[in-house]
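Structural overview for review
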Amino acid sequence: MTRRSISISKRAAVVTVTAALTLGTVGTVAATAGPKDGNGKPSKAQIAGLFEQWNRTLQTGDPEKVADLYAKDAVLLPTVSNKVRTDHAGIVDYFEHFLQNKPVGKKIQTIVNVLDKNSAIDTGVYEFTLTDPNTGAKSTVEARYTYEYEKRDGKWLIVNHHSSKMPEG
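Worth saying up front: this structure is predicted, and the values here are computed from it rather than measured.

A short note on empty space enclosed by the protein
Evaluation of the coordinates by the stated rule reveals 3 cavities of 30 Å³ or more. In this structure, the largest cavity spans a volume of roughly 60 Å³. Lining of the largest cavity is provided by Leu50, Gln53, Trp54, Leu69, Tyr149, Trp156, Leu157 and Ile158. At the level of elements, α2 (44-58) and β5 (155-165) are the ones that each hand at least two residues to the lining of the largest cavity. Residues that form the lining of the largest cavity fall into these classes: 7 nonpolar, 1 polar and no charged. Estimates place the volume of the second largest cavity at around 50 Å³. Elements supplying a minimum of two residues to the lining of the second largest cavity: α4 (88-98), β3 (119-131) and β5. When the residues that make up the lining of the second largest cavity are grouped by side-chain class, the tally is 8 nonpolar, 3 polar and no charged.

Encoded structure:
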C-alpha cells in the first residue's frame, strides 16, 4: 500500500467514526428531550413522568437528592407537616423526617396542564404507603397534590409542591 492510500484510509476511518459519534449524540439528545408537541412544549406524559423520577428519588432515602429536584426558591406545603418550607434547608429537613417512613407513592388521578415549553402543572390525587420505622407496620395516606414545574437551565425543577391529606377518610 502506498502512503497516499494509507492516508486516504485513515481519513475515511476518521470521517466514519465522527459520523457515528454525531448520530449517537443526536439520538441521545432526542431521546432525553422527550416527546414535544408542535410548539416545542413537553408532552403531558413527559410532565406526568416527572413524578416517577421524584418517587424513585424518594426510594434512595437521601433527603438531599430529593431536595435537589426542587428549585432554590421552591415552596413546599407538605403532607405530614404544618410548616411551610421555602428554602433548600427547609425542604431537606422535611424529607429527613418523611423518608424515615420509607414512602412509596402511586398516582391515583393526574391532570397535567402544560403551560408553555418551560412550565407545567401536574395536579391530582396520590397515595403513599408508609412503613413505621419502629414497628414496621404499613399504612397508607391518600392526598391531593399539585406540582408546579419550571424548566431552568435545561432541567425540570419543582417550584411549588402542595400536598394535603384528603379531608374525608
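Comments concerning α2
Over its 15 residues, α2 extends 22 Å from the first C-alpha to the last, a length consistent with the 21 Å expected when each residue adds 1.5 Å. Within α2 the residues assigned to the buried category are Gln46, Ile47, Ala48, Leu50, Phe51, Trp54, Asn55, Thr57 and Leu58.

Looking at the nonpolar core
In terms of nonpolar packing, the biggest core is built from 34 residues, with Ile47, Trp54, Tyr70, Phe95 and Tyr147 touching the most fellow members. If you list the elements that add at least two residues to this core, you get α2, α3 (63-67), β1 (70-77), α4, β2 (104-116), β3, β4 (138-152) and β5. The element that contributes the greatest number of residues to this core is α2, accounting for 6 residues. Aside from chain neighbours lying at most four places away, what touches Ile47 is Pro42, Val112, Val114, Ala120, Asp122, Tyr149 and Trp156.

Some words on the pattern of salt bridges
For the coordinates displayed, the defined rule picks out 5 salt bridges. Ionic pairing is found between Asp122 and Lys107, a salt bridge with its closest N-O pair at 2.5 Å. Here Asp122, found in strand β3, pairs with Lys107, found in strand β2; they are 15 residues apart in sequence, far enough to count as distant. Residue Arg152 pairs with Glu150 through a salt bridge whose shortest N-O separation is 2.9 Å. A relative accessible area of 26% places Glu150 in the partly exposed class. Linked by salt bridges that have partners in common, Asp73, Glu150 and Arg152 make up one network.

Some words on the packing of aromatic side chains
Tallying each qualifying case throughout the model produces 16 aromatic pairs. With a centroid separation of 6.2 Å and 65 degrees between ring planes, the pair formed by Phe51 and Tyr147 is classed as edge-to-face. Here Tyr147 lies in strand β4 and Phe51 lies in helix α2, a separation of 96 residues in the sequence. Like Tyr147, Phe51 is buried.

Section: the side chain of Asp122
The buried category is assigned to Asp122, whose relative accessible area is 0%. Reaching out from Asp122, the side chain makes a polar contact with the side chain of Thr110 at a distance of 2.5 Å. When sequence neighbours within four positions are dropped, the list of residues in contact with Asp122 reads Ile47, Ala48, Lys107, Thr110, Ile111, Val112, Tyr145, Thr146, Tyr147 and Tyr149.

Quick word on unusual backbone geometry
Phi at Lys102 takes a positive value of approximately 45 degrees, unusual for a residue other than glycine. Assignment of secondary structure puts Lys102 in the loop between α4 and β2. We classify Lys102 as exposed; its relative accessible area is 57%. A positive phi is found at Asp153, a non-glycine position, where the angle reads about 50 degrees. Relative to the helices and strands, Asp153 is located in the loop between β4 and β5.

Rules and cut-offs
Residues numbered from 1 in each chain as written. Predicted model: local features only at pLDDT ≥ 70, side-chain atom pairs only at ≥ 80, totals over all residues. Heavy atoms only, no water. 1 Å grid on protein atoms, 1.4 Å probe; cavity = no way out; pocket = protein on both sides within 12 Å on 5 of 7 lines; lining within 4 Å. Points joined across faces, edges and corners; volume = space filled by probe spheres on them. Helix = DSSP H or I, 4+ residues; strand = E, 2+ residues; numbered from the N terminus. Nonpolar A, V, L, I, M, F, W, Y, C, P; charged D, E, K, R; others polar. Expected span 1.5 Å × (residues − 1). Buried < 20%, exposed > 50% of the residue type's maximum accessible area, 1.4 Å probe, protein only. Core = buried A, V, L, I, M, F, W, Y, C linked by side-chain atoms within 4.5 Å. Contact = heavy atoms within 4.5 Å. Salt bridge = Lys/Arg side-chain N within 4 Å of Asp/Glu carboxyl O. Phe/Tyr/Trp six-rings, centres within 6.5 Å; stacked < 30°, edge-to-face > 60°. Polar contact = N/O pair within 3.5 Å; in protein donor to acceptor, adjacent residues only side chain to side chain.

The values are spatial; any link to function lies outside them.
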